[in-house]
Every structure is written in structure tokens, then in C-alpha cells.
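# Structural overview
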Amino acid sequence: MLVLTDAQIARMDAESGGYGLIERGALVISGDRIVWTGVESELPAAYAHAARHDLGGRLVTPGLIDCHTHIVFGGDRAREFEMRLEGASYEEISRAGGGILSSVRATRDADEAVLLAAALKRVDQLLAEGVTTLEIKSGYGLDVASELKMLRVARLIGEMRPVHVRTSWLAAHALPPEYKDDRAGYIRDVVIAGMQAGHAEDLIDAVDGFCEGIAFSRDEMAAIFDHAETLGIPVKLHAEQLSDLGGAAMAAQHGAMSADHLEWLGQDGIDAMAASGTVAVLLPGAFYTLRETKYPPVQALRDAGVPIALATDCNPGTSPLTSILLTMNMGATLFRLTPSECLTGVTRHAATALGLNDRGQIAPGLRADLAIWDVKHPAELTYRIGFNPLHARIVGGEFV
């Protein structure tokens, strides 16, 4: 048993609707669970002889959660980034071998060891900023073997680092060249067949897809989700990033845990998400990198009571971002979220977006996944740019 004392504790609980800040607080951990939290002067006598760790007035928050990443991939697209800034069009970049298919080629060519070594460098950056739970998608293999390879690497990351990894099957990300004239065949042979294989191997925690004019239609994604439901796998969706195809509403009708991006989300989609409890995951890194001008409907989401999460969307093309703290700052400066909403978006609401009800808040009975910060007030975590005040992480009740 461990007692943390002299702490400023941001509970991030639904009841307070904000930080839920406890001044001069204490927190008791037994095993991997929180068993008590409150004002230190009210610490029960039963914990009087437990080992203590004085935090010197530091801030304690739930461990941060990055609920949308593509952090396992081969190669990079730095030259493509440079070409765009030199004036090359999307078509010119594609003809030169750029775009998502360049990541597909590099991912297919890399073995698990190469993918793992590269991904761990990116993952370590997130862990150094207080992340204790991380979602990782497939989607750069676009054949069954390569997609499963990506998810095996994701599972290895959770074994090799003190972080809880959740995986998403994102074979419905793009259409590979070998299926350019056979969309139905790709969905049958890769998306569905691979989903079944990955489920049998216990590699898939959720099924995701990209519902967009350049990717997969609402009807195609609905059929994929129907199959996921027969396997008992929860779903989520990239939706309304570039246009409003009604993907978020369809996902909500399938009980999706989250719909992500959402710049073009309309009121019908908002209402459907509110009714189903589907979380809106906003991705300011992609908005920034693509220099978008269409903002997600933040006030309408607030008004409807839709939970709002934030994530890095770490990927090689449109969001090469490995900072959850910068993501929070972007959420505030670009999308006008409050600092409290930003921190809630990478704790409680991010947990909900992954279907995890045992973390994201500080309360008795929940996992002891915590971040300890060298700051006095939680607003500092969103306010600062390029500054990491992390003092320590506690994962499953243990300092790491």
C-alpha cells in the first residue's frame, strides 16, 4: 500500500464537470487500484502506517490517454512534406511515389522488428509526457498479413513498455493498387477476412474505418460494422473530415465508441452521437498540418452534451505529432476548447472513447494510472508550449 501526500489532485470526475481539484490532498493506492482520495487532514487512521510519498505540492492527474494514433508504420513522408511546401500538387506527389501508398509500401517491406524499433521511439515521446494508455491502429498494410503484423507490433509495445495498449483494425483505410478495380473484393478478402483472423488471434480491440469520398462509403462501412458486431467487436470511425457523408450518424446508430475528426459534422450527426453516447474525438494535429479552415462544431457538440476527446492522430502523413501536451494546447488555441475541456479530453473522455470505464478519473476503485506534474494548477498543462513538466508516471500502482 502507498499513500501519496501533499498533492494537488485533479480528479477529472464527471460530478465536478471540471478539474475536481482537491487542495492539499492525499491519495491511497493498493495494488493497481486507488482505494481512497481526499483532503490529507481527513486521511483515515487505517492508512496511518502505510508507506508515504510526499509530493511537495505537485499536481496529480489521471494518466493521460492518447485515444487515436497510427503510431506503427514504416518509413516516413518528410520529403512529401517538403514537396508540398515547394508547391507540388497532391497528384504530383502521388506520381512521385508519395501519399499513403508510400507508407503502405514501407510498412509491407518492414518486418516486425523494424516496425517495433521505429514505433518505440515515437511511443517513448508520449510516455515522457504522461501517457499511460495508448490506442494504436493498423491501416498501412492493406493486406491481411501486413495489417496483422502491425497489430502484433502494437501488442508488443504494450509488453515492452509500461503503457496499456488498445488496438483498432483499420484495414478500411484506403484501397490498395491491387484492388483498385475490385472494392467489394477488398472488403471481402482483406477487411472482413482479416478481421476474422485478427479476432481469432486476439489482436483486435475495436474496428475502425475511414468514411470519406476518397476512402469508403457510409454503406460500405455500415456493412463492415455489421460484421464486427457479429464478432462482438466494438466500432469507431474516421468521419466528416473532408465532407459530410453522414458517417458519424451511421456510426452512432451502430453504438460506436467514437467518431473522429468531424470538421464537417452536421446537426444530424451531432444529435445521433448525443443519443448514443458516442465520443467526438477531435484531432488538431491533422487540422494544423493540412492547414484546414473548416472547424469542428465545438459549441454545437457542447450544447448537445456530446463528450469531446483530443488525440494526437500520430501518423506519417497528416499528423506527424508525438506530443499529447501540444495536442492539448492546439485544442485550446485552434478549436477554442477550455483548458479544463482539454485535460478532460485526454483523460475521462478519452477513456470513454476507448470503452474503458476503469480509468481517466481519480476515484476509489479505478486503476492507479496517474501522472505527477511539477505545476501548481492543471491549466498550466494546456497553457505552455514546448515545455514538459512531468515529474513521474504511476502505471498500475507502480512508479515508472
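Here the structure is shown first, and the text comes after it.
A short tour of the structure in this document, coming up. (Residues numbered from 1 in each chain as written. Predicted model: local features only at pLDDT ≥ 70, side-chain atom pairs only at ≥ 80, totals over all residues. Heavy atoms only, no water.)

## Quick notes on the nonpolar core
Worth spelling out the cut-off: We call a set of buried Ala, Val, Leu, Ile, Met, Phe, Trp, Tyr and Cys residues a nonpolar core when their side-chain atoms join them within 4.5 Å. Exposure is judged per residue with a 1.4 Å probe applied to protein chains only, and the accessible area is read against the type maximum: over 50% gives exposed, under 20% gives buried, and values in between give partly exposed. Put simply, DSSP H or I for four residues or longer makes a helix, DSSP E for two residues or longer makes a strand, and each gets a number counted from the N terminus. These domain boundaries are the output of an automatic or database domain assignment. Pairs of residues are marked as contacts when any of their non-hydrogen atoms sit within 4.5 Å.
Ile157 and Val207 are the most contacted members of the largest nonpolar core, which totals 92 residues. The leading source of residues in this core is helix H4 (residues 112-127), at 7 residues. Counting residues domain by domain, this core receives three or more from each of domain 1 (2-62 + 359-399) and domain 2 (64-353). Among residues more than four places away in sequence, those in contact with Val207 are Trp169, Met195, Ile224, Phe225, Ala228, Ile233, Pro234, Val235 and Lys236. Ile34, Leu55, Val60 and Ala368 belong to the second largest nonpolar core, which has 16 residues in total.

## Re the pairing of strand E10 (residues 236-239)
Look at any regular strand and the pattern is simple: side chains alternate between the two faces of the sheet. Inclusion rule: Handedness of a crossover: with both strands directed away from the viewer, a clockwise path from the first strand across the helix to the second marks it as right-handed. Being paired, for any two strands, means DSSP has found at least two bridges between them.
Residues Lys236 and His238 line one face of E10 and the alternating positions Leu237 and Ala239 line the opposite face, and both faces are buried. Viewed along the sheet, the connection from strand E9 (residues 206-211) through helix H7 (residues 218-230) into E10 turns out right-handed. Relative to strand E11 (residues 258-261), E10 runs parallel, the two sharing 4 bridges. Counterpart to Lys236 in the pairing with E11 is Ser258. Where the polypeptide runs from E10 across helix H8 (residues 247-253) and back to E11, its parallel neighbour, the crossover connection is right-handed.

## Topic: the sheet that holds strand E13 (residues 308-310)
Strand pairing in a sheet relies on backbone hydrogen bonds, with the paired strands running either antiparallel or parallel. Rules: Structural elements are reduced to axes, namely lines fitted to C-alpha atoms, with helices fitted over the stretch in contact, and the angle between N-to-C directions of any two is expressed from 0 to 180 degrees.
Spatially, 8 strands are ordered E6-E7-E8-E9-E10-E11-E12-E13 in an open sheet, and the strand pairing comes out parallel. Looking at which strands have only one partner, the edges of the open sheet turn out to be strand E6 (64-66) and E13. In this sheet, adjacent strand axes meet at a mean angle of 25° when their direction is disregarded. Across 3 bridges, E6 lies against strand E7 (residues 131-137) in parallel orientation. Each bridged residue has a counterpart across the sheet, and for Asp66 the counterpart in E7 is Leu134. Against the sheet, helix H6 (residues 183-200) engages strand E8 (164-172) and E9, with an angle of about 160° to E8. Taken strand by strand, H7 contacts E8, E9 and E10, and its axis lies near 175° from that of E9.

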